[in-house]
Amino acid sequence: MIASSYNSSSSSLLRRRSRGLFLPSSSLSEKYPDNAAIISYASSRTTSSSSQHATLPLQEQRLTYNRDTGIVSSSSSSASSASSSIQQLYQTIIGIEIHAQLSIPTKLFSSAPTRHHHNYGMMSSNNITSANTHVHPFDLAYPGTLPALSHDAIKASILSAAALKCRNIHHYSKFERKHYFYADLPSGYQITQQRWPLATDGLVTFLPYLNNQNHHQSGSAKKKKKKQRRRGRDTNNTSNNEQEQKNNKVEQLHEEQPQQPVQLRIERIQLEQDTGKTTTHTIIDSNTTTTTTLANIDYNRAGCALIEIVSHPDLRSAHEAAGVVETIRKLLKHVGSCDGKMEEGSLRCDLNVSIAPIHHNDNDDDIILSSWEQRRDTLPPGNGHRVEVKNLNSLLKNLNSLRQIIVATEYEALRQSALALQNIPTGRETRTFHVKPTLPLGGETICIRSKGDAIDYRFMPEPDLPPLILDTTTLDNMSLSEFLMRNMPESAEDATARLVEQYCLSESVAALIANDPPAIEFFEGAVSAARAELEADAISLQHDEVGGSSQVAEDDNISMVSSLVANYLCNDLYALIKKSAVEGLSSSSNDEDEKRAALLNSISVEQSTVNDKRLGLLIAMIVKGTITTSMAKKILTIMYNDDITSYPADIAMANGWEVISNMDILTQLCENVVYDPKNSKQLEQYKLGGKNTWKIEKFFVGKIMAQSEGNAHPEKMKKAL
């Protein structure tokens, strides 16, 4: 491990705070819900005359941010009046930059292995890879080493561009050097495609992030207010009541309206190198009271293949930003180009946040927002300088990745609004999100670079790499269109529609299967195995000249088989996968956020020890009536945990689990129980009749099921009884 140190006094310059910002006190954070964070500041106005200066009363302003609409509002109140007014002030303007590591076996320009391919990565028994072990001389900028472009990176980036619906996947693109110095970048420059990107003009359609907890909190707040009114504790005046009713109507209208899809334009997608990973820790010398910060650098990540996805500033709220990041994460994971594990740094997000004033019409209270209802081709007038918020990912502990995006956007919008109201310019700057659980929002943004400190990257063409040309030589004797046709997987939307139409599944179940690409093939394989087993059984019954009522008709069972396979896959099998993942995490970590993030990425049918054929044969046994549903669940658990090779019929036979359907055997079981001397009292009561005979019949059913060890066919047994 390579380490460097610097004095903390010099690093304090990187932690400047903007003027005029006061975080809410604990009382305010308790009074107001988490989704309506408040920044309070005080401002005083003075008026001057020829004889004296008159100071107006101190006025308190509270800023609130709506995570759904992205609007910053203020509520002002004064000591001379009990009334308060709410005014919408600013609209957030947001663009995103996403860095996604490609899941390929080697790095972008060297043969060093990466941890993103199943053949590489975790090399030790405890799943911990030592630092600086997956490093090639080129990754450390050894003199004389030259880059060799990975073909796997080219293919993965093309699939990513197609998944994001880029209209232009350029046949010709070029690499260039982006110069800047930092310890985790050994060469002093990054190889990227700033001016000649691989793809441009993409489009992502998504739904904004929906926080159910916020709706729950809103409902709880309404119940609390209603309870206070019943007790006569609501002391608000008429104007406050009118304002509250108006707000409640707006909230009710918002809740009743279904979520509308939002579109984000992608400006470009470019291939580039990743940097090393720097971790810091502070050492305090108690004798000299000096503080030393050590930075340890791991170059295992240096040189890994990245795609940088740069968007237009089309987003308008924190929930839109979180929603599009989650959608892009799923799209890249669907095509297999990125594993999407934000908690491990595989996907990192930077936000560009600014605010624009909301203009009100003088004639009425309608709000005029430029480019809000129309297509967002131009920014609203008066928008402030862009502020970049770097590295929003779950490598920062104790904070969920999507929550980080939401909270950082909210904090930055409120911070810029507070400064704008005090006529303090924000300027262009780069800030990082710093986790502080003690703060009401759980963190804050800290300036790390201002416009005056802007870096001149001195872009220049990469002299050691030829232009990237997407021809038959690069794409394994295929044209670009042929490559996409052969390698692009079915989209989740198309797969959902096909599963609904072909297998008669509900849209929600089909979407759940389609969101896990390996599950689509698994589901169809299980259905095919079950139907093949049922068809073979039907042919066998026909040869034995068994009555038509026992024959399994294919057309009548297609829907039943599909429904059963989907039910056992989405409920029982996924539950076993999740339980296994939780147990594995519990043995290695006690961090709840780490468990939650890991589960988000690990619940896939790929982790199942039960293949599609074994599940299909289990479903066929249920349809034939060979086993009951309770038996099937037990067999599935055994197949997953204990016996990962045997077929369900063998497990059922070994445990004596087989439904008794023969009427002669069932009749004999019923006679043994009914005429048992121990049950003579219940039999006499049944003979007398009365309204409680159903209870006695239920008693005998339980005894018979116990006698058969749960193997009696329920309907046929009741008929025999």
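None of the values given here were measured: they were computed from a predicted structure.

About the criteria used
Residues numbered from 1 in each chain as written. Predicted model: local features only at pLDDT ≥ 70, side-chain atom pairs only at ≥ 80, totals over all residues. Heavy atoms only, no water. Pairing = 2+ DSSP bridges. Helix = DSSP H or I, 4+ residues; strand = E, 2+ residues; numbered from the N terminus. Axes fitted to C-alpha atoms, helices over the stretch in contact; angles between N-to-C directions. Parallel < 35°, antiparallel > 145°, perpendicular 65-115°, else oblique. Contact = heavy atoms within 4.5 Å. Nonpolar A, V, L, I, M, F, W, Y, C, P; charged D, E, K, R; others polar. Expected span 1.5 Å × (residues − 1). Buried < 20%, exposed > 50% of the residue type's maximum accessible area, 1.4 Å probe, protein only. Core = buried A, V, L, I, M, F, W, Y, C linked by side-chain atoms within 4.5 Å. Phe/Tyr/Trp six-rings, centres within 6.5 Å; stacked < 30°, edge-to-face > 60°. Lys NZ or Arg CZ within 6 Å of the ring centre and 35° of its normal.

Q: Could you clarify how one ought to interpret the sheet that holds strand β23 (residues 460-461) in this entry?
A: Either a parallel or an antiparallel arrangement is found when strands of a sheet pair, and the pairing is made through backbone hydrogen bonds. Strand order in the open sheet formed by three strands is β11-β10-β23, with antiparallel pairing between adjacent strands. Only two strands of the sheet have a single neighbouring strand rather than two, namely β11 (189-192) and β23. Here strand β10 (residues 176-179) runs beside β11; their pairing, made up of four bridges, is antiparallel. Paired with Lys-178 across the strands is Gln-190, a residue of β11.

Q: Even after reading the chapter, I still don't get the packing of helix α3 (residues 151-163) against helix α8 (residues 480-487), so can you show me in this structure?
A: Helix-helix packing is described using two parameters, namely the angle between the two axes and the distance between the axes. Where α3 meets α8, the closest approach of the two axes is 11 Å, and the angle between their N-to-C directions is 80°. Regarding the angle of α3 to α8, the classification is roughly perpendicular. Residues Lys-155, Ile-158, Leu-159 and Ala-162 of α3 form the contact with α8, whose participating residues are Leu-480, Phe-483, Leu-484 and Asn-487. For the contact of α3 with α8, the residue count by class is six nonpolar, one polar and one charged.

Q: It is not clear to me how helix α19 (residues 693-707) should be interpreted in this structure. Could you clarify?
A: With 15 residues, α19 should reach 21 Å at 1.5 Å per residue; the first-to-last C-alpha distance of 21 Å fits that figure. Buried residues belonging to α19 abut α17 (663-674), α18 (680-688) and α20 (714-720). Following α19 by one or two positions, Glu-709 adopts a phi angle in the positive range, close to 60°.

Q: Honestly, the side chain of Arg-348 in this entry has me stumped. Any pointers?
A: Relative to the elements of secondary structure, Arg-348 occurs in strand β17 (residues 347-357). With a relative accessible area of 9%, Arg-348 lands in the buried category.

Q: Got a minute to help me understand the nonpolar core in this structure?
A: Side chains of nonpolar character tend, in soluble globular proteins, to be buried together. Formed by 68 residues in total, the largest nonpolar core has its most connected members in Ile-269, Ile-309, Val-324, Ile-328 and Leu-470. Examining the composition of this core, we find that eight residues originate from one element, helix α6 (residues 318-335), more than from any other. Contacts of Ile-328, omitting those with residues within four sequence positions, involve Ile-96, Ile-98, Leu-164, Val-204 and Ile-309. The next biggest cluster of nonpolar side chains, apart from the first, holds 46 residues, and it includes Leu-564, Ile-627, Met-631 and Val-659.

Q: Help me understand the packing of aromatic side chains, please; the structure alone is not making it clear to me.
A: Given two aromatic rings, one states the distance between the centres and the angle between the planes to describe the pair. Taken as a whole, this structure holds six aromatic pairs when the rule is applied. Ring geometry for Tyr-457 and Phe-459: centres 6.0 Å apart, planes at 55°, overall tilted. Of the residues examined, Tyr-457 reaches a relative accessible area of 23% and is grouped as partly exposed. Owing to a relative accessible area of 28%, Phe-459 belongs among the partly exposed residues under this scheme. With 5.5 Å between their ring centres and 70° between their planes, Phe-699 and Phe-700 make a pair best called edge-to-face. Using a relative accessible area of 28% as the deciding quantity, one classes Phe-699 as partly exposed. One aromatic cluster is present, formed by Phe-109, Phe-138 and Phe-175 through successive ring pairs. The lysine or arginine in question, Lys-174, covers the ring of Trp-196, its NZ or CZ lying 4.5 Å from the ring centre.

No statement about biological role is implied by the geometric values presented.
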